[in-house]
Amino acid sequence: MNLKSNISIIIKTALDKCDISADVVINESTKAEFGDYQYNGIMPLAKVFKQNPREIAKRVVSQIEIGTIISKVEVAGPGFINIFLNRDWLSENANIALKDDRLSISKTDNPLKILIDYSGPNMAKEMHVGHLRSTIIGDSLANLSKFLGHNVIRQNHVGDWGTQFGMLIAYLEDISQDSADNLKNLEQFYKDAKKRFDEDEDFADKAREYVVKIQSGDEHCLKLWKQFIDISLHHCEDVYKKLGVSLTRDDVKAESFYNSELDNTIKFLEDKSLIDISDGAKCIFFEDSDTPMIIQKKDGGYLYATTDLAAIRYRVETLKADKILYVVDARQSFHFKQLFEIASKVNFSDNVVLEHIAFGTMMDKSGRPFKTRDGGTVKLVNLLDESISKAKDSINKRENYSDTDIEKIAEVVGIGAVKYADLSINRESNYIFDWDKMLSFDGNTALYLQYGYVRISSILKKYDGDINSCNISISDDLEQKLVLTLLKFEDTLDRVYIQSKPHILTLYLYDLTTLFMRFYEQNPILRDDIVEDIQKSRLAIASLSAKTIKQGLEILGIEVVDRL
RNA sequence: GCACUCAUAGCUCAGCUGGAUAGAGCAUCGCCCUUCUAAGGCGAGGGUCUUAGGUUCGAAUCCUAAUGGGUGUACCA
C-alpha cells in the first residue's frame, strides 16, 4: 500500500483539470488539525499565475475527487491544501494488508541485480566495534532490497592480502605449535608477531621474504597463509552468527581473489590511454584535482585501488550487477569518488549505478575518533557478550524462566539492543560510542519494539476465538492514527531503499510502537465489557501492528520473541 | 594550504529534501499497577536551531562568509 502515490495521483488529476502542471509532492501533516497529508505546492505558483495562492488553491480543491480515498480537503493559511483520508478506506486497506503475507508491500516492477559490498574485515585482526556499522547497515540494506524484490548479491571484500601477512605466517610457522590454539586470540597473535618483527632482525627479514613468496605462489607459504585465513574467517563467522548477520563463506570475495586480474586491469586502463607515469608510478589523473589515483607503485606493486578497479570489472562483467553499493566508512569518500570517476571514464559501468554508502566515524566520549589504541580496542565479540549478559541479568530480576529460555531471550534482546543503537543513527553523521547507551534497554531501543510485540503476542495467545475472522473497523482517532501509520510502512521502506538509510525504518517502527503502546493503554481488548465487534477490530489492529513490527525488525536483522 | 563533512534541549539524536507553534530518548520532577506483561502510560520543566549576512510569501533546511569539531589530501588498506 503506497499511500503517497495514491494521493499524489488524485492531486495530479485535479491540477491537470485546472491546467496547472507541477511536480506533486505530498507531505505528511505535522498536526492532526491539518489533516493526514498536505499539498504545499500551490504557493510557489502564485507568482507564475499572478494570482492569490488561496484562490488557486480553492480552484484546485474544487477539482479534487472526494469519496473513496479522500474524505475532505480544505484550504488553510496562505494556500496549504489539507487532505483528510477516508476512515473506511483506511480500514479496508488495513484488512487487505492483514490478510497478506507481504503486508501489501508490492515487489518492484523493475528488479535490479544489486551488489552490496559490506563488512570487509581484515583477516590480520579480530573484528572490533568499528566493523559493526558496515556489517549491519549493509546487511539490513541487503535484506530490504531482497524484500522489495531485487536480486541481491552480498559481497564480503575481506582484506586477506598485503605485507602484514608475511609477518603473520612467518610467526605462525615459527611458533609451530597447534596453530588453531594460538590463534584463538588473533589480537594477541598480531601483537606478538609485531613485537617479534620489531625486535628480531632475522625474523623481520624472513617476514619480508615470505611476503614475496606468497605473492609468487610459493607452496609452503601459501599453505600457511590459507591456514591463517581459514582460522581468521572462522572468527568472523562466529561474530556473524552471534550478530545474526547472513554473510556466509559464499559471500566472501577477498582481495586475493582479484590478484590474477590485476595485470589485466592495468593493461585495460593502458589501452584506454588513461595512465600516466609520475614519479615512476602508474597514475590516473583527474581534471579537477592534483591528486592522482595510483594504480601501480614504482616498485611494481599493486594497491587497494587496483584491486577495487578489478573488482568493479568482475562485478559488472561477470556478475552482471546493475547497482553496486559500497558500505564503507566516510573517510574513504575521496577514494570512491576517484574510483567511480575512472569507472565512468572507461565505461566499466555504463548503466550501472555505483554508490558509496558512507557512514560516519565512531568517536569516543570526549569526541575524538575511537582509535584502535594499543590494548584498548573493544572487540566486537566482547561488546555482544556484554550486552547479552546484561540482558540476562535484567531478565533474572524479573522472571523465573528456564535456563534455555533465558539464553534465547537474552540473546535476542542483547543483540537487538546493539544493532538498534547503531542502526537508529543517521549513518552519515559521526557517532559517539557509549557503552551505557549501546547497552541501554530504556526508551527508544530495540527492546521497546520487542516489548510492544510481546504485549500483542500475549493478547493474541489469550484470545480463544479465531483471529483470522477479525476485521479492522476504525472506531476512534487514535485507532485511525495507528492504522494510518501501519499503512505508511511501504512509503517508509521506499524511502529507506532510496536513501539507503536504515535509521528511517527504526524511527518509523519506534513511532508505530509508541502509537500502539498508547492504544494498548487506552483501548482495552480482552476486557469483559468490550463489545465483540470492537474487540475483534482491536485484535486485528493489534495483529497487524505485530506483523509490521516483526517484518520491520526482520529487515533490520533484529529478532522478536513471544514473551519477555 | 586546498577539499569534503558536521554544528539543533544539560547529554545522545530526529526533523520525510523550503511549509503552519522545531520533536524524541536519556537525565530531573510529579501522577498511574485488585484491569490484556509497569522493560509500560500520562504530565511538567528545559531552545536566539554556532554566529553574521543573503535568497522569498515562508529558512533548522538553499547561498556566502566567519568560528569550532571531524575527515581526506602520491605509492597503507
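What you are looking at is a predicted structure, and each value in this text was computed from that prediction instead of being measured.

Draft legend 1. Examining the overall build of chain A more closely. Looking only at helices and strands, chain A features 21 helices and 13 strands. Put simply, chain A has 564 residues, and 53% of those count as buried. Of the contacts formed within chain A by residues at least 6 apart in sequence, a portion of 74% connects residues at least 24 apart.

Draft legend 2. Spatial organisation of the packing of helix α17 (residues 446–462) against helix α20 (residues 502–522). Taken N-terminus to C-terminus, the directions of α17 and α20 make an angle of 40°; their axes are 9 Å apart at the nearest point. With respect to each other, α17 and α20 are oriented oblique. Note that α17 runs across α20; the crossing there is left-handed. Contacts from Tyr448, Leu449, Tyr451, Gly452, Arg455, Ile456 and Ile459 in α17 reach Leu509, Tyr510, Thr513, Thr514, Phe516, Met517, Tyr520 and Glu521 in α20. When the residues that make up the contact of α17 with α20 are grouped by side-chain class, the tally is 10 nonpolar, 3 polar and 2 charged.

Draft legend 3. Representation of the domain arrangement of chain A. Domain boundaries in chain A define domain 1 (3–85), domain 2 (164–249) and domain 3 (414–426 + 435–556). One C-alpha centre belongs to domain 1, the other to domain 2, and the line joining them spans 64 Å.

Draft legend 4. Local environment of unusual backbone geometry. For Leu103, which is not glycine, the phi torsion reads 55° and is therefore positive. Mapped onto the elements of the fold, Leu103 is located in the loop between α4 (87–99) and β5 (113–117).

Draft legend 5. A look at the protein's contact with RNA strand B. Close to RNA strand B lie 69 residues; Lys297, Arg398, Tyr451, Arg455 and Tyr520 are nearest. The separation between a base nitrogen of RNA strand B and a polar side-chain atom of Arg398 is 2.5 Å. Backbone polar atom of Asn426 to a phosphate oxygen of RNA strand B: 2.8 Å apart, as the coordinates give it. At 8 residues, α17 tops the list of elements feeding residues into the surface near RNA strand B. The residue makeup of the surface near RNA strand B, split by class, is 32 nonpolar, 17 polar and 20 charged.

Draft legend 6. The arrangement of the pattern of salt bridges in detail. Applying the stated criterion across every chain yields a total of 29 salt bridges. Here Lys206 makes a salt bridge to Asp174, at a shortest N to O gap of 3.6 Å. A residue pair is termed long-range when its members are at least 10 positions apart, and Lys206 in helix α9 (residues 201–215) and Asp174 in helix α6 (residues 164–175) qualify at 32 residues. As a salt-bridge pair, Asp329 and Arg331 come within 3.0 Å of each other at their nearest N and O atoms. With a relative accessible area of 14%, Asp329 lands in the buried category. On the accessibility criterion, Arg331 (58% relative accessible area) is exposed. It is possible to trace a salt-bridge network through shared partners that takes in Glu173, Asp174, Arg196, Asp200 and Lys206.

Draft legend 7. Summary view of the packing of aromatic side chains. Following the criterion strictly, the structure yields 16 aromatic pairs and no others. Taking the centre distance of 5.0 Å and the plane angle of 90° together, the rings of Phe257 and Tyr258 count as edge-to-face. The exposure class assigned to Phe257 is partly exposed, which follows from its relative accessible area of 37%. Ring geometry for Phe489 against Tyr508: centres 5.7 Å apart, planes inclined by 15°, an arrangement best described as stacked. With a gap of 19 residues between them, Phe489 in helix α19 (residues 489–499) and Tyr508 in helix α20 connect regions that are remote in the sequence.

Draft legend 8. Region of the structure containing the side chain of Ser545. Position of Ser545 among the secondary structure elements: in helix α21 (residues 532–556). A relative accessible area of 0% means that Ser545 is categorised as buried. Apart from the residues within four sequence positions on either side, Ser545 is in contact with Ile456, Leu482, Leu486 and Phe516.

Draft legend 9. Local environment of the packing of α17 against α21. Orientation of α17 relative to α21, taken along the N-to-C sense of each, is 140°, at an axis distance of 9 Å. Considering their axes alone, α17 and α21 lie oblique with respect to each other. Crossing handedness for the pair α17 and α21: left-handed. Residues Leu449, Gln450, Tyr453, Ile456, Ile459 and Leu460 of α17 lie in contact with α21, whose contacting residues are Leu539, Ala542, Ser543, Ser545, Ala546, Ile549, Lys550 and Leu553. Residues belonging to the contact of α17 with α21 are distributed by class as follows: 10 nonpolar, 3 polar and 1 charged.

Conventions and cut-offs
- Residues numbered from 1 in each chain as written.
- Chains lettered and ligands numbered in written order.
- Predicted model: local features only at pLDDT ≥ 70, side-chain atom pairs only at ≥ 80, totals over all residues.
- Heavy atoms only, no water.
- Helix = DSSP H or I, 4+ residues; strand = E, 2+ residues; numbered from the N terminus.
- Buried < 20%, exposed > 50% of the residue type's maximum accessible area, 1.4 Å probe, protein only.
- Contact = heavy atoms within 4.5 Å.
- Axes fitted to C-alpha atoms, helices over the stretch in contact; angles between N-to-C directions.
- Parallel < 35°, antiparallel > 145°, perpendicular 65-115°, else oblique.
- Left-handed = near helix turned anticlockwise from the far one by under 90°.
- Nonpolar A, V, L, I, M, F, W, Y, C, P; charged D, E, K, R; others polar.
- Domains from an automatic or database assignment.
- Near = heavy atom within 4 Å.
- Polar contact = N/O pair within 3.5 Å; in protein donor to acceptor, adjacent residues only side chain to side chain.
- Salt bridge = Lys/Arg side-chain N within 4 Å of Asp/Glu carboxyl O.
- Phe/Tyr/Trp six-rings, centres within 6.5 Å; stacked < 30°, edge-to-face > 60°.

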